[in-house]
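What the coordinates show
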Amino acid sequence: MRASLIQIAVDPDESVEDRRVRAASLVVAQRGADLVVLPELWPVGAFAYTAFEAEAEPLEGPTHEVMAKAAAEAGVWLHGGSFVERADDGTLYNTSLVFSPEGERSAFYRKIHRFGFDQGEAVMMGAGEELVTVALPDTTLGLATCYDLRFPEQFRGLVDAGAETLIVAAGWPERRRSHWTLLAQARAVENQAYVLAVGTAGTHADVQQAGHSMVVDPWGEVLAQAGADEEILTVELDADKVRATREQFPALKGRRLGLAPPL
């Protein structure tokens, strides 16, 4: 399975509309991949809190439309990153979209763990309540967004639901980049799963982004990692490696606490 991670730069001088068009062109350019992944809140910027209200969209708004068309044109499974969704009741959510190679929406995920403590996303947005997995022909994706990475119970729940490849779309700050690397590898090792961690590049709302998107295998080995600038990582994944790892070193079967169904 070929996966392409698009570490797009969020430039405050580029309009949201222009960035949508550019992101779609980057997706289409990955024709031949099986899975393409974009980062968190790339249309507006994960720390651009003051723009959230103005740039919020309905679920099937402009970002949904552009990403659906790009997935179909490229013929890929597309995790379209996340955007600021305005629900019918007016609540804002940090929402990720997944599309099939036909351009049909297969799933959406509302970020469960909101960052900011008593400000920003934590007070401006509603919290998602559902774990989301998506069955692809060769693997099952488990969806997470940025700050979720710090909560291992979410990832264990995704594994219990059948996930073999964990997607983390993020807008992670450079000042905590060491945590990004450490946690991505930890989530891979403890769940014996691939982790595809995709961040943004650039600086927005005066917050420098970490970049350094990465692909980690079920043993915790980093297969590929980007630098700080806009970049696309393309990696071949062995879908059988997750199952083989779990058979060779069946740590998940040794669980004593919490729900541990046979894997």
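Whatever comes next refers back to the structure up there.
Conventions adopted
Residues numbered from 1 in each chain as written. Predicted model: local features only at pLDDT ≥ 70, side-chain atom pairs only at ≥ 80, totals over all residues. Heavy atoms only, no water. Core = buried A, V, L, I, M, F, W, Y, C linked by side-chain atoms within 4.5 Å. Buried < 20%, exposed > 50% of the residue type's maximum accessible area, 1.4 Å probe, protein only. Helix = DSSP H or I, 4+ residues; strand = E, 2+ residues; numbered from the N terminus. Contact = heavy atoms within 4.5 Å. Pairing = 2+ DSSP bridges. Axes fitted to C-alpha atoms, helices over the stretch in contact; angles between N-to-C directions. Phe/Tyr/Trp six-rings, centres within 6.5 Å; stacked < 30°, edge-to-face > 60°. 1 Å grid on protein atoms, 1.4 Å probe; cavity = no way out; pocket = protein on both sides within 12 Å on 5 of 7 lines; lining within 4 Å. Points joined across faces, edges and corners; volume = space filled by probe spheres on them. Nonpolar A, V, L, I, M, F, W, Y, C, P; charged D, E, K, R; others polar.

**Brief notes about the nonpolar core**
- In terms of nonpolar packing, the biggest core is built from 26 residues, with L35, V134, L143, L196 and L237 touching the most fellow members.
- Of all elements in the fold, only β1 (2-7), β2 (35-37), β5 (105-110), β7 (140-145), β9 (194-198) and β14 (231-236) reach the threshold of two or more residues within this core.
- Broken down by element, the residue count for this core peaks at 3 residues, all from β9.
- Ignoring anything within four residues of it in the chain, the contact list for L237 reads M1, A3, Y194, L196, V215 and L223.

**Things to note about the sheet that holds β2**
- Strand order in the open sheet formed by 6 strands is β5-β4-β3-β2-β1-β14, with mixed pairing between adjacent strands. Lying at the two open borders of the sheet, with one neighbouring strand each, are β5 and β14. In this sheet, adjacent strand axes meet at a mean angle of 20° when their direction is disregarded.
- Across 7 bridges, strand β3 (residues 77-86) lies against strand β4 (residues 92-99) in antiparallel orientation. From the neighbouring strand, R86 faces β4, where its bridge partner is L92.

**Focus: the side chain of Q192**
- Here Q192 is to be found in the loop between α6 (177-191) and β9.
- For Q192, a relative accessible area of 4% gives the class buried.
- Setting aside residues up to four positions removed in sequence, Q192 forms contacts with P218, V242, T245, R246, F249, A251 and L252.

**Notes on the packing of aromatic side chains**
- One pass over the structure, following the stated rule, counts 9 aromatic pairs.
- Arranged with centres 6.3 Å apart and planes meeting at 75°, the rings of F47 and F115 form a pair that is edge-to-face. Highlighted residues: F47 in the loop between β2 and α2 (52-55) and F115 in the loop between β5 and α4 (121-124), separated in sequence by 68 residues.
- Judged by relative accessible area, F47 falls into the buried class, the value being 11%.

**A word on the layout of surface pockets**
- Size it by volume and the largest pocket reaches roughly 170 Å³.
- Around the largest pocket, the lining comprises 16 residues; the ones closest to its centre are F47, F115, C146, Y147 and P173.
- By residue class, the composition of the lining of the largest pocket is 10 nonpolar, 1 polar and 5 charged.

**Some words on unusual backbone geometry**
- Of note in the backbone geometry, L41 takes a positive phi value of approximately 45° without being a glycine.
- Position of L41 relative to the elements: it lies in the loop between β2 and α2.
- A relative accessible area of 1% places L41 in the buried class.
- Look at Q192: it is not a glycine, yet its phi comes out positive at around 50°.

**Focus: empty space enclosed by the protein**
- Counting across every chain of the model gives 1 cavity of 30 Å³ or more.
- As a volume, the largest cavity reaches approximately 40 Å³.
- Lining the largest cavity, in full, are V16, R20, P43, V44, E55, E57, F83 and V84.
- Secondary-structure elements contributing two or more residues to the lining of the largest cavity are α1 (16-28) and β3.
- Its residues assigned to classes, the lining of the largest cavity shows 5 nonpolar, no polar and 3 charged.

**Structural notes on the environment of E53**
- Among the structural elements, E53 can be located in helix α2.
- Taking C-alpha positions, E53 is 17 Å from H204, a pair spaced 151 residues apart along the chain.
- With residues near it in sequence (within four places) discarded, E53 still touches R86 and L92.

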